[in-house]
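# Breakdown of the fold
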Amino acid sequence: MKTINDFNFKDKKALVRVDFNVPQDDQLKVTDNTRITAVKPTVEKILNDGGSVILMTHLGRPKGEVKDEFSLKHIVDEVSSVLGQEVKFVDECVGEKAEKAAAELQPGQILLLENLRFHNEEEKGDAGFAEQLSKLGDAFVNDAFGTAHRAHASTAVIAQYFESTKFFGLLMAKELQAIDKVLRKGERPVTAILGGSKVSTKITIIENILPAIDNLIIGGGMAFTFIKALGGKIGNSLIEEDKLPLALEILGKAKEHQVKVYLPSDVIIAEAFNNDAERKESDIYTIPEGWMGLDAGPKSRDQFNDVLLNSRTILWNGPIGVFEMSNFAGGTIALGDSIAESTKLGAFSLVGGGDSVAFVKQFGYGEKVSYVSTGGGAMLESLEGLELPGVAAINK
């Protein structure tokens, strides 16, 4: 893996693709700077070598139109604050104005280009646009794992213009190493937890990870499709009727790979999808009509805890209850506690993909697990075994 540690950036301008697609409030102030903080080590390494940094990113979905609300001028102060020095800004990313700003950049300085997606060519993966961007720097660094699954001009196409000076940033390298550690170099036993609402969105992941894991915990809404396929009565719980044969097929494949599958045995059920609805515990195979399962029950939590405390490598993708509603967050909190405890005992734990990352942030588990992935879609495609365009472009 070619990373920035393999190169000295002295007197070089590094064109660094980052993912600063950050949340903002009504005043367009940044409300969560995690993605900015994540690239700080990459920026510092380049500056410490005596180089300069040109940051490029997208923000939101302006769809090729220049719109003030999507301008990066609104985040430049936050970027300066996080990186600990003034960050210059240019309100273009290609053309004369951008080229002049890049040319005037001195070693030790940072420049932030305007939103790449103000140009339709970015998402189209246009080679001409990528070539224009490439004129701004001497080296290309991809540190945007969150967009590595997109074959866009700035994430993949641009790399061809930097034959010997294209590198992974330190964040990107950490993401790829974390996935590799789970899928290829994981210390046994390896346990994967897949939650969330639909089996259909996780089929490819399950099929790809089965050869690499020992235990599979299935929770959340998708568990009910498996329970019904096994003959259980699930009341009004979430179900993908057309995926019942698939659920049985997955269980069969798990058996072939000698993977132990753990489904919830009990659930917290409610009469309505509402935090204040009447609720009670139930065996998952005998949920009464008119009731729905919204969280893992106490027996399930204990069972999952036993599995996790005996694991050496853990992958967590998706919550096992409707944690957004406080009365149905207990199962996912218990799961987080079990993973944290196992990590403390020496296990490697990787949290990745959408809602589980949101949960970890909201409930403060970020410091209690080994690694929290910054890339939702990119993380999922990696777990599906797909080569990401942004990764392939550097490895060529």
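Data block above holds the structure.
So, here's what we can say about the structure. Bear in mind the structure is a predicted one, so any value in this text is a computation, not a measurement.

### Observations regarding empty space enclosed by the protein
- Enumeration over the complete set of coordinates arrives at one cavity of 30 Å³ or more.
- Counted as a void, the largest cavity has a volume near 60 Å³.
- Lining of the largest cavity is provided by Asp19, Arg35, Ala38, Val39, Asp143, Ala144, Phe145, Gly146, Leu171 and Thr374.
- Of the residues belonging to the lining of the largest cavity, the class tally is five nonpolar, two polar and three charged.

### Some points on the sheet that holds strand β16 (residues 348-351)
- Here we have six strands laid out as an open sheet, ordered β10-β8-β7-β15-β16-β17, and parallel in their pairing. Each having just a single partner strand, β10 (260-262) and β17 (371-372) make up the two edges of the open sheet.

### With respect to the nonpolar core
- Core analysis: the biggest nonpolar cluster contains 107 residues, and Leu55 and Leu113 have the highest contact counts within it.
- Take this core: its biggest share by element is seven residues, from helix α7 (residues 170-183).
- By size, the runner-up hydrophobic cluster in this structure holds 21 residues, among which are Ile320, Leu335, Val360 and Val369.

### Here's the deal with the environment of Asn327
- Examined against the element boundaries, Asn327 turns out to sit in the loop between β15 (313-317) and α12 (330-344).
- Measuring from C-alpha to C-alpha, the distance between Asn327 and Arg279 comes to 8.9 Å, with 48 residues separating the pair along the chain.
- Excluding its chain neighbours within four sequence positions, the residues that come into contact with Asn327 are Asn275 and Arg279.
- Within the local environment of Asn327, its side chain forms a polar contact with the backbone oxygen of Asn275, the two atoms lying 2.7 Å apart.
- There is a polar contact of 3.4 Å between the side chain of Asn327 and the side chain of Arg279.

### Overview of the pattern of salt bridges
- Counting across every chain of the model gives 16 salt bridges.
- In this structure, the salt-bridge partner of Asp19 is Arg35, at a minimum N-O distance of 3.1 Å. On the criterion of sequence distance, the pair formed by Asp19 in the loop between β1 (13-17) and α1 (34-38) and Arg35 in helix α1 is long-range, its members being 16 residues apart.
- With its nearest N and O atoms 3.2 Å apart, the salt bridge here joins Arg301 to Asp295.
- Note on Arg301: relative accessible area 23%, which makes it partly exposed.
- Several salt bridges converge on common partners, so that one network encompasses Asp180, Arg184 and Lys185.

Definitions and cut-offs
Residues numbered from 1 in each chain as written. Predicted model: local features only at pLDDT ≥ 70, side-chain atom pairs only at ≥ 80, totals over all residues. Heavy atoms only, no water. 1 Å grid on protein atoms, 1.4 Å probe; cavity = no way out; pocket = protein on both sides within 12 Å on 5 of 7 lines; lining within 4 Å. Points joined across faces, edges and corners; volume = space filled by probe spheres on them. Nonpolar A, V, L, I, M, F, W, Y, C, P; charged D, E, K, R; others polar. Pairing = 2+ DSSP bridges. Helix = DSSP H or I, 4+ residues; strand = E, 2+ residues; numbered from the N terminus. Core = buried A, V, L, I, M, F, W, Y, C linked by side-chain atoms within 4.5 Å. Buried < 20%, exposed > 50% of the residue type's maximum accessible area, 1.4 Å probe, protein only. Contact = heavy atoms within 4.5 Å. Polar contact = N/O pair within 3.5 Å; in protein donor to acceptor, adjacent residues only side chain to side chain. Salt bridge = Lys/Arg side-chain N within 4 Å of Asp/Glu carboxyl O.

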